[in-house]
Structures are given as structure tokens and as C-alpha cells.
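Structural features, examined
Here is what each chain is made of, one letter per residue.
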Amino acid sequence: MNHSSTLQNTVKLLETLVGFDTTSRESNLGLIEYVRDHLQSLGIPVRLSYDAEQRKANLFATIGDPKARGIVLCGHTDVVPVDGQAWDTNPFKAHIADGRIYGRGAVDMKGFIAASLAMVPAFLNSNLKQPLNIGLTYDEEVGCIGVRTLIRDLASAGIQPAGCFVGEPTGMQVMTGHKGMRVTRCRVRGLEAHSSMAPEAVSAIEYAARLVEKIRTMALQIQKEGPFDPMFKIPHGTMQTGVIHGGTAPNIVAKDCEFIFDCRTLPQGNSDELIRQVQEHAEALKVEMRKFSAEADISFETISNSAPLSTAENAPITYLGTSLARNNLLGRVSFATDAGWLNQAGIPCVVIGPGDIAVAHKPNEYIEISQLEECLGFMDRLRERMTQEILLT
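In this text the structure is predicted, and so the values were computed from the model without any measurement. (Residues numbered from 1 in each chain as written. Predicted model: local features only at pLDDT ≥ 70, side-chain atom pairs only at ≥ 80, totals over all residues. Heavy atoms only, no water.)

1. Examining the overall build of the chain
When its secondary structure is counted, the chain shows 10 helices and 18 strands. Relative to its length of 393 residues, the chain is compact, with a C-alpha radius of gyration of 24 Å against a globular reference of 21 Å. Projected onto its principal axes, the C-alpha coordinates of the chain cover approximately 80 × 45 × 40 Å. When each of the 393 residues of the chain is scored for burial, the buried share is 53%. Within the chain, counting contacts between residues at least 6 apart in sequence, those at least 24 apart form 80% of the total. Summed over all atoms, the accessible surface of the chain reaches about 17,100 Å², with 50% contributed by carbon and sulfur. Treating the 37 positive side-chain charges of the chain as one cloud and the 45 negative ones as another, the clouds have centres 3 Å apart. (Helix = DSSP H or I, 4+ residues; strand = E, 2+ residues; numbered from the N terminus. Rg over C-alpha atoms; globule rule 2.2 N^0.38 Å. Buried < 20%, exposed > 50% of the residue type's maximum accessible area, 1.4 Å probe, protein only. Contact = heavy atoms within 4.5 Å. Areas by Shrake-Rupley, 256 points an atom, 1.4 Å probe, with all protein chains shown as cover. Lys, Arg positive; Asp, Glu negative; His and termini not counted. Charge placed at Lys NZ, Arg CZ, Asp CG, Glu CD.)

Written out as C-alpha cells, the structure reads:
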């Protein structure tokens, strides 16, 4: 492999990918179709799997025998919004300065995708013992939604990869686990009245506040009692309320209020149990509320649910990852990734990719070119190993 030209190609590809506004609320088809056309022009078969509205798609490409169990390089194509952020440059036009490439998604995680695509010619020109797959997903940032569509599509086609590297930014260190994330909306319906008649009404805001306080109490209990996992920076699960809306005027007892809270659980944790406890508290509150109004209610809706990841330190995918990274340090990350659902589908995963998660989602997001170079080295060592033996059998 010509390392210099591959790095240059990576930078050019990243500039192109950043130019696609793939904010989660937008379609990602422009980027997906660009990658599809690029890979197909090289003779590589590509599968697309769409969301229900046909506005978004996953991509799965195969270099080698499509019937054999391959190694997947997986990344999500969507990015978080730039609304209200003070960028020094156009976030959707890559800017190169001081050894860094700036742009929305540069580190999270179009840098990894660009490196994967830049390595395609090297993989094509190698006598691989098993296939190399590239998987791109949609809507990871809003709940790891697209990967579940991809998993169903692969299952329907009888494709069962042997293992997967999910390229979230970890500084090219292998991460064997992450927390699960469940986001829930709670709607509270009360009984409105003039504020002077408050004792005869049911304030949706006040009952919502009591539920929020319950969630806060549970969060403090988890922080104190665990369970704990010292490999995480925050070694326990968390719960918090992030959004709340309610009421229409200060002199009207609020009829409606809704809030959104999230639970981040350790791999050994159970978000179902946490939600059950909140719902039990809501049932007790509903008894009070319905003494004044039979129509009073509290309902819950799951907005997103990202599975946790826990891969054993002695798992073959872990050994392979550390060998290719030339770094035996292992860790776990608190943010959720597509790896959780892939792992639950029987595809062993670790998370490893270029860049620093600390600069993701922020204005002036960037990736260091040296990290892209390190990522290319990882992928080239993977290519070399794949010419020698079948991995992860």
C-alpha cells in the first residue's frame, strides 16, 4: 500500500463526506448514493436497506465472497445539528489547518468512513482469505435506529459477519463495552382551571414535577448503591430529565405537561426495571389525579433504545483489535454505539476509531490527520492478516 497516496485520498474523501449535510433530521441518501456509486464503479457489490419513508438508507458492501463470513468496518453517516453553535468556518465545508480537518462529522464519524473507503483499492488488490465488508448506517445519533434495519436486511440475505470494528472516535484504543441508552417521553394530562380555583384542578406540571423528582431520587440511589463498573469513567448508570414543556399561561392550571428523560445503564443493568419503577410511581399518582378528573392520565413512550455492549477481554475480536492497534490497553465508553445491537445480533464487536470523542458534537469539531494515518495503519495490518488466514472462525 502506498501510505502517502492513501492518506491523501482519505483527506479528499473526508472533505467530500463532510460536504453532505447528513444531520439526523435530514436525508442521508446523497452520501449513501455517492458511496454506492463509488464502490460499484470499482466492481464491488452493494446492498442498500431503507427506512419506512425511503428517505434514509444503510449501505453494506462486500469485497470478496459474499457467502463467506467477513470482517466489517462499520460507521454511522448521520451527524448532530449545528444549530446555535458558533463555528469559525462553514461546518459543512471541510477546513484544513494545523494538522487538523475541521467540519461537522469529521471525527464523529466520517473520518473513519473516509479511511475505510480509501483502503478499498488495497483490499481489492489483495488475496483475501475472507471478505471485507463496509457497513454504513443511518440515525445512530437519535437512537441507533438504522443499524436494526441493517441487521434485519443481513439476516434476510443469510449474511452473518464474523466480527465488526465500529469506528467511533476512541483515539485508536480498543473499547470492549459501552452503556445502553433508553430515552422515554412522559405525557401528563390534568384538569385545567383558572388559577384561583387551583384546589379543584389537577396541575399536569406539578404531577410531572413529582415524577421528575422520582427520577432524580432513583439516579442518586444508583450513584450511591450501583451496580458499578470501574472501567467506565462514570462507573454506574445514570438517569436524568433533559426536556420539559407544559402549561399555557401563569393564571391557568396546566392541563398538559410532557418531559423526556434518559437512562444510561451498565451492560449488567436493566433499563426495563428502571422504567417499571417510574411507571409504578405514576400509577400511584394517577389514583390521586382521578379523584378530581376521570380523564387525568400519565403515559409513557419509548423514543429510542440503544443496546449496551459488553465484549469479553479474552474474546477473539478483542485480541484481534489490540493486535492490529498495537496497544493492549482496553477501555469502555459511556456513549452508545451501533455495536450494542450488532453484538446482540451475534456479530462480535469492539469499538475503535480515530479521533477524540471530546471534540464531537461541539463547534469546530475536528479530527487530527495523524489519527487518520494511525487508523489507516490499523486497517492495513487487518488487510495483511486477512491475506494470511481466516480470522474469527
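Picking up after the structure, the text goes on.
2. A short note on the sheet that holds strand 9 (residues 180–189)
In spatial order, the strands read 11-13-9-14; together these 4 strands make up an open sheet with antiparallel pairing. Edge positions in the open sheet fall to strand 11 (238–246) and strand 14 (297–306), since each of these has one partner strand only. On average, each strand axis in the sheet is tilted by 20° relative to the strand beside it, whichever way the strands run. Across 10 bridges, strand 9 lies against strand 13 (residues 256–265) in antiparallel orientation. The residue bridging Arg182 from the neighbouring strand is Cys263, located in strand 13. On the sheet, helix 6 (residues 204–225) packs against strand 9, strand 11, strand 13 and strand 14 and is oriented at approximately 10° with respect to strand 13. Each of strand 9, strand 11, strand 13 and strand 14 touches helix 7 (residues 271–289); the most contacted strand, strand 14, lies at about 165° to it. (Pairing = 2+ DSSP bridges. Axes fitted to C-alpha atoms, helices over the stretch in contact; angles between N-to-C directions.)

3. Quick notes on the environment of Pro250
Counting through the fold element by element, Pro250 comes out in the loop between strand 11 and strand 12 (252–253). A residue is classified by how much of its surface remains accessible, and Pro250, at 85% relative accessible area, is exposed.

4. A short note on the packing of aromatic side chains
Taken as a whole and judged by the stated rule, the model has 4 aromatic pairs. With 5.8 Å between their ring centres and 40° between their planes, Phe20 and Tyr34 make a pair best called tilted. Within this pair, whereas Phe20 is found in the loop between helix 1 (3–18) and helix 2 (29–40), its partner Tyr34 is found in helix 2, the two being separated by 14 residues in sequence. For the pair Phe165 and Phe378, a centre-to-centre distance of 5.2 Å together with 85° between the ring planes defines the contact as edge-to-face. With a gap of 213 residues between them, Phe165 in strand 7 (residues 163–166) and Phe378 in helix 10 (residues 369–388) connect regions that are remote in the sequence. As far as burial versus exposure is concerned, Phe165 and Phe378 are alike and both buried. (Phe/Tyr/Trp six-rings, centres within 6.5 Å; stacked < 30°, edge-to-face > 60°.)

5. Let's talk about the sheet that holds strand 4 (residues 95–97)
Read from one edge of the open sheet, 3 strands run 4-5-18, paired in antiparallel fashion. The strands lining the two open edges of the sheet, one partner per strand, are strand 4 and strand 18 (366–368). Averaged over neighbouring strand pairs, the angle between their axes works out to 20° when direction is ignored. Bridge count between strand 4 and strand 5 (residues 100–102): 3 bridges; the pairing is antiparallel. Within strand 5, the residue paired with Ile96 across the bridge is Ile101. Running over the sheet, helix 3 (residues 106–118) touches strand 5 and strand 18 and is turned about 50° from strand 18.

6. Things to note about empty space enclosed by the protein
Per the stated rule, a full pass over the model turns up 1 cavity of 30 Å³ or more. The calculated volume of the largest cavity comes to roughly 40 Å³. Forming the walls of the largest cavity are Phe60, Val72, Cys74, Leu150, Leu154, Pro161, Cys164, Leu342 and Ile347. Within the residue set of the lining of the largest cavity, elements represented by two or more residues are strand 3 (71–76) and helix 5 (146–156). (1 Å grid on protein atoms, 1.4 Å probe; cavity = no way out; pocket = protein on both sides within 12 Å on 5 of 7 lines; lining within 4 Å. Points joined across faces, edges and corners; volume = space filled by probe spheres on them.)

7. Section: the environment of Val287
Note on placement: Val287 falls in helix 7. Residues Val287 and Asp297 lie 10 residues apart in sequence; the distance between their C-alpha atoms is 9.4 Å.

8. Some points on the pattern of salt bridges
Across all of its chains, the model carries 22 salt bridges by this definition. Of the charged contacts in the structure, one is a salt bridge between Lys286 and Asp297, with a shortest N-O distance of 3.5 Å. Placement of Lys286 in helix 7 and of Asp297 in strand 14 is noted, with a sequence separation of 11 residues between them. Judged by its relative accessible area of 10%, Lys286 is buried. Notably, a salt bridge pairs Asp297 with Arg290, separated by 3.1 Å at the nearest N-O pair. Judged by relative accessible area, Arg290 falls into the partly exposed class, the value being 40%. The network of salt bridges with common partners includes Arg185, Arg187, Glu258 and Glu301. (Salt bridge = Lys/Arg side-chain N within 4 Å of Asp/Glu carboxyl O.)

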